[in-house]
Each structure stands twice: as structure tokens, then as C-alpha cells.
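Geometric and topological summary
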Amino acid sequence: MSYKNLSVRSVVNAAVHTLAATSVAGVVFVSGCSSPASTPRVKSAVQVSTGQPAQRIPALKDLYAKDYLLGTAFDFRTPQEFSPAELEIIKTQFNTITPENSMKPGSLQPAEGQWNWAVADRLVEFCESNKMTLIGHTLVWHAQTGAWMFEGENGQPVKREVAIERLRKHIHTVVGRYKGKIKGWDVVNEAIADSRNGSTENLRNSPWLRVIGPDYLTLAFKFAREADPNVELYYNDYNIEGGDKHKSSLLLLKRLIAEGAPITGVGIQGHWSLTHKPFEELDQAIQNYKALGLKVMITELDVTIQGQGGGQLDQRPATRPAAGGPNGTTQPTTRRARRPMGPSGPATPAQLQEQAEVYKRFFEIFQKHKDVIERVTFWGFKDSRSWRQGQHPLLFNDNDQAKPALFSIAEVKKSEGR
Ligand code: GLA
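Throughout, residues of each chain are indexed from 1 in the direction in which the sequence is written. Two thresholds apply to this predicted model, a pLDDT of at least 70 for residue-level local features and 80 or more for giving and counting side-chain atom pairs, whereas whole-chain, interface and lining totals are computed over all residues. Side-chain measures were taken over the full set of non-hydrogen atoms in the model, leaving aside hydrogen atoms and water.

Side note on the overall build of the protein
Secondary structure elements are taken from DSSP: a helix is a run of H or I of four residues or more, a strand is a run of E of two residues or more, and numbering for both begins at the N terminus. A tally of helices and strands in the protein yields eleven helices and twelve strands. In the protein, which comprises 418 residues, the share counted as buried stands at 58%. Partitioning the intrachain contacts of the protein with sequence separation of at least 6 by distance along the chain shows that 79% fall at a separation of at least 24. All accessible-area figures derive from a Shrake-Rupley calculation using a 1.4 Å probe, and residue coverage is judged against the displayed protein chains alone. As presented, the protein carries roughly 16600 Å² of accessible surface, and 52% of it is formed by carbon and sulfur atoms. Exposure classes here rest on a 1.4 Å probe applied to the protein chains alone. A residue is buried below 20% of its type maximum, exposed above 50%, and partly exposed in between. By the convention used here, residues are in contact when the closest approach between their heavy atoms is within 4.5 Å.

Written as C-alpha cells, this is what we have:
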């Protein structure tokens, strides 16, 4: 599936439903006590479901504290975005957050010189007050970017020099504002095309490529480094763990390194499913990236149970037009798959178990490579708030109950000690 066939560009906003309830019928969360950073302890919440035995929910961030950061993605679109039960999940399970939409180019600068900081700033404050690590996502992307970036006078394509200056200014302003508050930036997102051609970099035919040329990536990395000498800088993409796209990613990353792009690591998004679970390819890909001297991040992990997985766009027209961009900005529209891309309905116990097994296998691979993996971030935390809503991709269900997948991931770590 290719982006360039899309006629409609729209924006994905993350959240679908905000669960209003603090206590969903019969479910009570009891928070564990916090432990000093020097002596990581496994915090736990006790979830009591009516008619079911109480279950102790392992805190993944504590279990994996010595191996890598454990994260999720969301935004405070409003200050009261989350229920107490949801906040409890966030704080108990994760120690790093990625903004789902609020730091994308179209969110921060929908028109030239018009900056929207409020939603992004809220997340910065949340991470600071909860001692969580914040990741920046993303500085350069073909989607969710204001069309003005690429427009010159009289509707002509912008000149290369002007586009470079806009790129520089955007990156300097954003990275500069959050200097010291963000651990690492996804500098460029999804620059490689989906079509098969592993013998070249196969760069996506994006406006950035058209107006600047292939060096837009190196320039973006250099601008980010100028703005913050210490922040980590990543290349982020989906499906780069296997096949021709993996080969293209190696060519691209080698070129960036050769051109002096200050790149710290590569983000494998990890939008997988029960039918697309590239275990062996992932294992090899991590080794290949490590051999280039790069750190590896799993940046947008989800495993869908039903329908199509993958990181690609939904080509079908949206059921309803997007009402503006994220955070109320107006911007061009590229509709990511925001609704079920296949049959949807409640997940069966067998499917939930199969999902748990798939997550387990992925975490076994992450553990094998924990020397080079710095972070594993899920793209959300509960199914009803996911961009893959209806496909049951995450660790908590719509009622804030931990799914079998969470317990199987915990089991990977616990079994190491036996
Ligand atoms: C991509 C982007 C994310 C998000 C997801 C789906 O993977 O990197 O920011 O938009 O698509 O919502």
C-alpha cells in the first residue's frame, strides 16, 4: 500500500473514547507504594473484578527497569484527559511517554510562525512532575505537516533554499524549546517507501524529497544537533525490520552516517499483528543496526488481533471528515487507519491468549538484545484509545483491565530468574 495513491490526507487523533468512570463496574484499582529509584521494586496494582479472583498486576516498568525504558504514547488534549484509573495504569506501568500527536509539525506550527505549544507543554509538565522520560515525536514527516511548508509564491512549489530555511527554523524552535527536557527526538519519520526495491534507499516521494532532495534527512539531523548538543536523535519507520524495506533502511542509515548526520539510533515502530509477526527478521535486523553502531528503539508497539496490522495508511475514504488536525489545528489530511481494518468484534479468549504468546515472543527477542535496545514504547495503553481501535492491540482492555498479554510479558522477565 502506498501513500502516494492517497487523495485524501487527514490526521489521526489518538483518543477515541475517554472512559469517564473512575471505577468501572466492579473494578477497583489499589495503587502500590512508590519505591526509591535506587532500589527498584515491582509496584503493583490490585485489580478486583466482580466474580473473578483478585489478580496482582505486575508493573512492567519496574520489572524491566534494568533492561530498557518501557513506554506508552498519548496526549493531554485536555487537562482532564484521563480518568484516575487510566492515570494509575500510566504511572504504574510506564516510565517514558511519547506524544501521540502534539509534537508533530502540523500540531506545533500549523501555519508559518503560528506556534501551538499548549498540549505539548502539558505533557512536558506531566513527565517532569512524575519523573518520566519524554521522547520527542516527530520533527520531519510527510504526513501531519502544514502544506505551507512546501508552498512558494503563487502556489508554486517552494524553492529548495526556502524549504531548508523553514526546516531549520522549525527544528531549531522546537528542539530549542524543549532542550534538556526531552531524551531523544524522532528526527525523521517514515522516509522510506513501501514499494519493493531493496537495492536502493527507495525514499518515499514526499514533499521534502521533492523540494529539497535526499539530503533533507542529513540536514534535519544536523539542525537538531545544533539546537541541542546532548539530545539523542533517531530515524523512525515501520516495516524496516524485514525484507526490501530493511535493506533500504541499511543503505539509508549508512549514507546518513557517511554524510555526518549525528544519528544515535533507529526506531522500529513495531505495528504488528497475529498474522504479521516477523520474529526472525526482527532478531536479525536488530543485529544489523547494532553493527552500524546504532541504538535500537521499539517505538510504536502494538499487536492487532483482528484485521490488518502494519504501519501503513488506510486508503479508504474516512467515514467522516476529520474535524481539523490534532489539537484543533487545521492542516492537510492524511488519514491513518483509525478504525478497524477488518472484521471487528469482541476478542475471544483464544485470540487474547494467542496475542499474549506473540507479545511474549517479541519480548524474548528484545531481551536477547537488551544491550542495544534502549526503549520499548507501546502505541497507547488501552484498546479503546488506540488508533487500531476494534483490533484489540494493547495491554489493557476498554474497561482498564489487564489483558493476558501483560502477564505474558511479565512472565518473560520473571522466568529469567528461575
Ligand atoms: C505512525 C506515526 C505515529 C502515529 C501512527 C498511527 O506510525 O509515526 O505518530 O501517527 O502512525 O497513528
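Past the structure itself, the notes keep going.
Section: the site of the ligand
Around the ligand, 13 residues are found, and the nearest of them are Lys104, His137, Asn189, Gln269 and Glu300. In this structure, an oxygen atom belonging to the ligand sits 2.9 Å away from a side-chain N or O atom of asparagine 189. In isolation the ligand offers 300 Å² of accessible surface; the protein chains occlude 100% of this area. Polarity classes work like this: nonpolar for Ala, Val, Leu, Ile, Met, Phe, Trp, Tyr, Cys and Pro, charged for Asp, Glu, Lys and Arg, and polar for all others, with Gly in that last group. Across the shell around the ligand, the residue classes break down as four nonpolar, five polar and four charged. For this description, a residue counts as near a given molecule or strand if any of its non-hydrogen atoms is within 4 Å of it. As used in this structure description, the phrase polar contact means that two N or O atoms lie within 3.5 Å; if the pair is within protein, one of them must be able to donate a hydrogen and the other to accept it, and residues adjacent in sequence are counted only when both atoms belong to side chains.

What to know about the packing of helix α7 (residues 216-227) against helix α8 (residues 243-258)
A pair of packed helices is captured by two measures, namely the crossing angle of their axes and the spacing between those axes. Simply put, an axis is a line fit to the C-alpha atoms, just over the touching stretch for a helix, and the angle between two N-to-C directions goes from 0 to 180 degrees. Remark: α7 packs on α8, axes separated minimally by 10 Å, with the N-to-C direction vectors making an angle of 55°. Put simply, α7 runs oblique to α8. For the pair α7 and α8, the sense of crossing is right-handed. Residue-level inspection shows Leu217, Thr218 and Phe221 of α7 in contact with α8, the latter providing Leu252, Arg255 and Leu256. An angle counts as roughly parallel when it lies under 35 degrees, as roughly antiparallel when it exceeds 145, as roughly perpendicular when it falls between 65 and 115, and as oblique in every other case. Left-handed is the label given to a crossing in which the near helix is rotated counterclockwise from the far helix by less than a right angle, and right-handed is the label when the rotation is clockwise.

Describing unusual backbone geometry
A cis geometry characterises the amide bond from histidine 137 onward to threonine 138, with omega recorded as 0°. Structurally, the position occupied by threonine 138 is in strand β6 (residues 133-140). For asparagine 154, which is not a glycine, the phi torsion comes out positive at approximately 55°. Along the chain, the position of asparagine 154 falls in the loop between β6 and α5 (160-177). When its relative accessible area of 75% is taken as the criterion, asparagine 154 is described as exposed. Phi is positive for glutamate 190, which is not a glycine, with a value near 60°. In this structure, glutamate 190 sits in the loop between β7 (184-189) and α6 (207-211).

Some thoughts on the pairing of strand β5 (residues 96-99)
Burial along β5 is two-sided: the face carrying Thr96 and Thr98 and the face carrying Ile97 and Pro99 are both buried. A pair of strands counts as paired when DSSP detects no fewer than two bridges linking them. Pairing geometry for strand β4 (residues 69-74) and β5, over four bridges, is parallel. Among the inter-strand pairings, glycine 71 is bridged to a residue of β5, identified as threonine 96. A crossover counts as right-handed when, viewed with the strands pointing away from the observer, the path leading from the first strand over the helix to the second turns clockwise. In terms of handedness, the path from β4 via helix α2 (residues 84-93) over to β5 forms a crossover that is right-handed. As paired strands, β5 and β6 are joined by two bridges and run parallel to one another. Residue threonine 96 lies in a different strand from β6, and its bridge partner there is threonine 133.

Quick look at the packing of aromatic side chains
Any two of the Phe, Tyr and Trp rings considered here, Trp counted by its six-membered ring, make a pair once their centres fall within 6.5 Å; the pair's planes then place it as stacked at under 30 degrees, edge-to-face at over 60, or tilted in between. Enumeration over the complete set of coordinates arrives at 19 aromatic pairs. Taking 6.4 Å as the distance between ring centres and 85° as the angle between the ring planes, the aromatic pair formed by phenylalanine 74 and phenylalanine 381 counts as edge-to-face. Pair noted here: phenylalanine 74 is in strand β4 and phenylalanine 381 is in the loop between β12 (373-378) and α11 (404-416), with a separation of 307 residues, a long-range link. Taken together, a centroid distance of 5.0 Å and an interplanar angle of 0° make the contact between tryptophan 115 and tryptophan 117 stacked. Owing to a relative accessible area of 23%, tryptophan 115 belongs among the partly exposed residues under this scheme. Among the residues examined, tryptophan 117 registers a relative accessible area of 15% and is labelled buried. Three or more aromatic residues link up through ring pairs in this structure, and these residues are Tyr64, Tyr68, Phe94, Trp272, Phe279, Tyr359, Phe362, Phe363, Phe366 and Phe378. Two thresholds decide whether a charge sits over a ring: the Lys NZ or Arg CZ must be within 6 Å of the ring centre and within 35 degrees of the ring normal. Seen from the ring of tryptophan 387, arginine 388 lies directly overhead, with NZ or CZ sitting 4.0 Å from the centre.

Digging into helix α9 (residues 279-291)
In this analysis, the expected span of each helix is defined as 1.5 Å times one less than the number of residues it contains. For α9, spanning 13 residues, the distance from its first C-alpha to its last is 19 Å, which sits close to the expected 18 Å at 1.5 Å a residue. Of the surrounding secondary structure, the elements contacted by the buried residues of α9 are α8, β9 (265-268), β10 (271-273), β11 (295-304), α10 (349-368) and β12. One or two positions beyond α9, positive phi appears at glycine 293, with a value near 85°.

A word on the pairing of β6
Here β6 lies mainly inside the structure; seven of its eight residues are buried. Taken together, β6, α5 and β7 form a β-α-β motif whose crossover is right-handed.

Considerations on the pattern of salt bridges
The term salt bridge refers to a pairing of a side-chain nitrogen on Lys or Arg with a carboxyl oxygen on Asp or Glu at a separation within 4 Å. Enumeration over the complete set of coordinates arrives at 28 salt bridges. Between lysine 370 and aspartate 67 there is a salt bridge whose closest N-O contact spans 3.7 Å. With lysine 370 in the loop between α10 and β12 and aspartate 67 in the loop between α1 (60-63) and β4, this pair connects stretches of sequence that are 303 residues apart. Judged by its relative accessible area of 34%, lysine 370 is partly exposed. Its relative accessible area of 13% is what places aspartate 67 among the buried residues. The partner of lysine 368 in a salt bridge is aspartate 283, and the shortest N-O contact between them spans 2.7 Å.

Describing the environment of aspartate 400
Summarising the element assignment, aspartate 400 is placed in the loop between β12 and α11. On the accessibility criterion, aspartate 400 (0% relative accessible area) is buried. Sequence separation between aspartate 400 and alanine 85 is 315 residues; the distance between their C-alpha atoms is 7.1 Å.

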